[in-house]
Every structure is written in C-alpha cells, then in structure tokens.
Amino acid sequence: MALNRRTVLQGATGLVGLASLPQHAFGQSRTETLRYVTGNNVNTLDPTVPGTTRESFGVSMNVYDRLFTFGRKKLGDNWVFDASTIRGELAKGYQISPDGMKITVMLRPDATWHDGSPVTAEDIKWSLDRAVSAKSLAPPQLSTGSLTSPDQFRIVDAHTIEVTLPQPDRLGLANLCVPYCIMINSKLAKQHATADDPWALDWLKTNSAASGAYIVESYKPGENVILRRNEAWKGGADGQLPFFRRIIVQTVPEPATRANLIEKGDADLSIDLAASDIPTMEKSAKAKVVSVPQTNGFTHITMNTQKAPFDNVKVRQAVAAALPYEDMFKAALFGRGKRLYGAEWTVPPDSSFPQPIPLKTDPARAKQLLAEAGMPNGFKTAFAFSTGQAATAEPIAALLKEALGKVGIDVEIQKKPDAEFNTMESDKTLAFYTDGATAWLPYTDYYFRLYFTRDQRWNFASWKSTDIEQLSAAARFELDAAKYDDECKKMIEVFTAGVPLVMLWQPNHDAVMARNIDGYTYQFYRQADFRDLKRV
C-alpha cells in the first residue's frame, strides 16, 4: 500500500487524528484510556447491516449486550473464548426443558439501557423479533439454530422470556450469543423507525440503543469511535466493571504504521499486523505479542467438485498428495499457526473440527492417483487468489505451481482483485483457489452444514455428499453425546476420503500490545474484547 501524506504523519507524530478528536476523549487519565488502532474501519454501529466489517462486530460486542455470551478459558498462556460455557449477559440464567425444545430465559431485574431506563421483557421480545424478521444479516445466522419466527418468543412475565424450538436444536442457545443477536432499547429505536424501515436499521447504523459495557460517545465512520465505560453495567462475568474507562478506536490502514505506534507508546493495541512484522515486535522492549491459532477457522485450498477434472475424487486426492505442506506453511506464515495436515490416524481421535487430517506430501502417490484417474500425463488448470490475501497466498501459489508441475499438472496462477474474486467465489466459477474461513459457532455439525452441504455461498467446493447431508442433519438434533461424537467422527472420515478441499492450517491471531496490557482474549469474531483488558 502506498503511503499518502496522512499515513506518513501517523508514523511521524503519533496516533493520527488525535488533535481532531473531541477534547472529552482525554478526560480520563492515560492509564484508564485504551488506544486501539485497527486496519479497517467501523462502518456501522449495527452489526446486522449487510457489509458490516469485523471491526464493527468488535465495537458492537462492547456496546451491546446479548442475552448470553460464551465464557473464556486458558489455552496455554493465553485466553480464548469457550463455546462449551454459556453464561448470562442481560439474562441472569436459563432453563432448558427435558425435551430440549423450550429455553426459559430469566432476565436481570436491575439491568438498564444506556439512557437509564429499565430493560424490559418487551424490549427483549422486540429485539428477538427483529433478529429473525429484519432484512439483515441476522435471520440466516439465527436460522442455523432453528430461530426463524417471532412466534417462537413469548413474554412470560416482566422478567421472563420463553424461546420455543421446533426441534431440540443444539445451536438454539448458542445463536443467542452471536454478534447479530443484539438486545435493543425498543422504545428508543421505535422513535426512529418508519413504515419503510420498521426495525430502525438506518438510524441504528450511526446511533446506538444499547445496554452494554461501553457507551458510544462519538462516532465518525471510517475514522474513529470513542467509547466511555457504562458505570451501571451488570453483564460482566464477575459483576465487575471493565478496567478501562475510555476506549479510543482509530483507523490506521497501514500495518507498519500501526506497529510503529505501538512501539512508540502512542497506541496500546492492534491486531492483524503483517506476519512478517510479528517477529520484530516479539523482540521489542516496549511491546508484546499474544499469538493464538484461530481455533474456529482454517485456510484452505479448494477444488470445485462440480467442475472437471476436480469432479474426479482421485484427481483431488492426487492434488492433496502433491502439495508441499511444510514449505507452504513456513513461506506463507513463517510457521505461525497450527498445522491441519500431517496427522497419522486412520480413525479420527476425537470429534473436534477442524483437526489435523492425515495428508502429507507424497509425489509418487500423486502420480499413481492421476494414472488411476485416467490422466497419467496430468492436465492444465488455473489457481486463483485475491489481491487482499497476496501476502500469504502468493507464496502458497508459487510453491503449489512448482510442486504440481512435478507430477504433470500445469498451473496458471491468477491474482484477482478482491471484488472479482469474491464474486467468482460466490458464483462458484472458480475451479481451484485458496481462501480462509471462520465459523462463529465451533461445533462440528455446524462446520459441516455450513461448509460442505447445500448449494450456498459457503460450500466453497460445491460438494454434494449424501452421507454428509444425512450425518450433519442427524447430529444437529442429537441429544445423546456419544451418538453425536460418533456422527461427527464419521463426517470427518467422509471428508478426509472425499477431499473436497484441503485444510492447510489455522493461522495465528496475533495481537500486538503495550507490555502493560493484560487479559487479551481471542474471540470467535476475531476482534478485541475491551471488557477483558486491563493495564497492569
């Protein structure tokens, strides 16, 4: 990225735009203020709006409460989200009926909105109705937990809501934790609703009607967001308020500039820096790096199973055998991540997914498989990646081209603009390419339904497997833990044999911060949770 004058000034004088920020942004001491620099912009305060950036998800998780949230746990020395633990946020508790088809939600009686008014069951009912009814990103996501109709949400009394499921869906409760399921001050939102916009989608893009840990003090789309602590917040895990009284979120597009701001002490936290910058930051006397594999995601090489020659499973197996996994891992990520190849099992050791798959570099096996596929002399194909992923995708592509050439597969590398690549990926017109994926809900059956079934956007390989469809559908509603594990292991076996795509690795989520910042948690939406952070 070329450095314009404004970017240069960022590196020369510190955090860009600080002089133009409202003076109240500096009302708290430096100790109690967190300065967060991010590469992308917060383009909306409502995370359900189509086109929402991940940075917007991050801000909204701190501004809005959900009924529930995931817990967190230690992974080595670092904190990560824990999808196996669900605790109340605006809810103080819940009960699930013996048949698994009814969730009774008990609300916190002392919770208030940012304007001081009490949170009511009517507000919660309206918010849930909005989540399944508005023309937004929320309904498709909530449908994965069988939450599809306002009729499923009933007010029992002033502090109790009943959620009814058509089947005992294991993802019903989990979907009440996701960024889209924001709880909204309905009285305030309704004041800005119209006949054409009954859910106040337009107004909530630039305004909030929330109850969360932080209050939006000012918002300049594409530039900055300033948050102040909600002193009346009740949704913390231990009942305590967050450490930081004020958060300054600033857009600084250039990764090197963000790294420099951390090094100079002009900013406290940044994520998504260039992988090549991380080793330098790890040696810094003023900064530290928290690195956690993206436990709910994966980088993949996909083959369109509906396009020749990749409709032939032996061709896909041959490609998988020819890939230079370790060379790609070191060249693309400098070895920073978790390998999803090289396993030794013949039967999956457990039901978790993604997990390392028994794939390894074996050119002789690749040639044998091509011969069995009727292509002893190989074939020609194109391999695509997007410009935005060039830093990691270019070394993958170069090494892939070299390795596949050795077994007779002639590869043309195609570097495509992001918009073109995303459109072609969505339209299923790419035959062979690399991309990344992250699932908010890291449950094995959810992964398989999301990425390997149906004719939809996220079935990258356009894979059609009756076994996967049947197994994932059964596992979704399976209440017996042993049966669920067995169904998931069978899906992993079918996937491994069919090779619709090759999972390469889980790249590290690298958060670079001042040495006196503690408590960083890797969240499933891959953004900073300010509520867990403190200065030590």
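Structure shown above.
Residues numbered from 1 in each chain as written. Predicted model: local features only at pLDDT ≥ 70, side-chain atom pairs only at ≥ 80, totals over all residues. Heavy atoms only, no water.

What follows deals with the packing of aromatic side chains. Under the criterion given, the structure shown has 34 aromatic pairs. Taking the centre distance of 5.0 Å and the plane angle of 25° together, the rings of Tyr325 and Tyr341 count as stacked. Separated by 16 residues along the polypeptide, Tyr325 in helix 10 (residues 325-333) and Tyr341 in the loop between strand 14 (337-339) and helix 11 (363-372) bring together distant segments of the chain. Each member of the pair Tyr325 and Tyr341 is classed as buried. Measuring from centroid to centroid gives 5.6 Å for Phe353 and Phe495, while their planes differ by 85°, and the two rings are edge-to-face. (Phe/Tyr/Trp six-rings, centres within 6.5 Å; stacked < 30°, edge-to-face > 60°. Helix = DSSP H or I, 4+ residues; strand = E, 2+ residues; numbered from the N terminus. Buried < 20%, exposed > 50% of the residue type's maximum accessible area, 1.4 Å probe, protein only.)

Bridge count for strand 2 (residues 68-75) against strand 3 (residues 78-88) is eight bridges, and the pairing is antiparallel. Bridging across to strand 3, Gly71 finds its partner in Asp82. Where strand 3 lies against strand 20 (residues 521-522), two bridges are found, and the strand directions are parallel. Bridging across to strand 20, Trp79 finds its partner in Thr521. (Pairing = 2+ DSSP bridges.)

Here we take up the pattern of salt bridges. This structure, assessed with the given rule, holds 28 salt bridges. Between Lys102 and Glu162 there is a salt bridge, and its shortest N-O distance comes to 3.9 Å. Here Glu162 lies in strand 7 (residues 160-164) and Lys102 lies in strand 5 (residues 102-107), a separation of 60 residues in the sequence. The partner of Arg245 in a salt bridge is Glu231, and the shortest N-O contact between them spans 3.6 Å. With Arg245 in the loop between strand 9 (224-229) and strand 10 (246-251) and Glu231 in the loop between strand 9 and strand 10, this residue pair connects regions lying 14 residues apart in the sequence. A relative accessible area of 30% means that Arg245 is categorised as partly exposed. (Salt bridge = Lys/Arg side-chain N within 4 Å of Asp/Glu carboxyl O.)

This part covers the packing of helix 14 (residues 444-452) against helix 16 (residues 481-498). With their axes 9 Å apart at the nearest point, helix 14 and helix 16 run at an angle of 35° to one another. With respect to the hand of their crossing, helix 14 and helix 16 are arranged in left-handed fashion. Of the residues in helix 16, those in contact with Thr444, Asp445, Phe448 and Phe452 of helix 14 are Tyr484, Cys488, Met491, Ile492 and Phe495. (Axes fitted to C-alpha atoms, helices over the stretch in contact; angles between N-to-C directions. Left-handed = near helix turned anticlockwise from the far one by under 90°. Contact = heavy atoms within 4.5 Å.)

A few words on unusual backbone geometry. Following Ala308, the chain continues to Pro309 via a peptide bond in cis, the omega torsion being 5°. Note that Pro309 resides in the loop between strand 13 (297-303) and helix 9 (313-322). Phe353 connects to Pro354 through a cis peptide bond whose omega is 0°. Residue position: Pro354 is located in the loop between strand 14 and helix 11. Not every positive phi belongs to a glycine, and Lys428 is a case in point at roughly 65°. Checked against the element boundaries, Lys428 lands in the loop between helix 13 (418-427) and strand 17 (432-438). Classification of Lys428 as buried rests on a relative accessible area of 13%.

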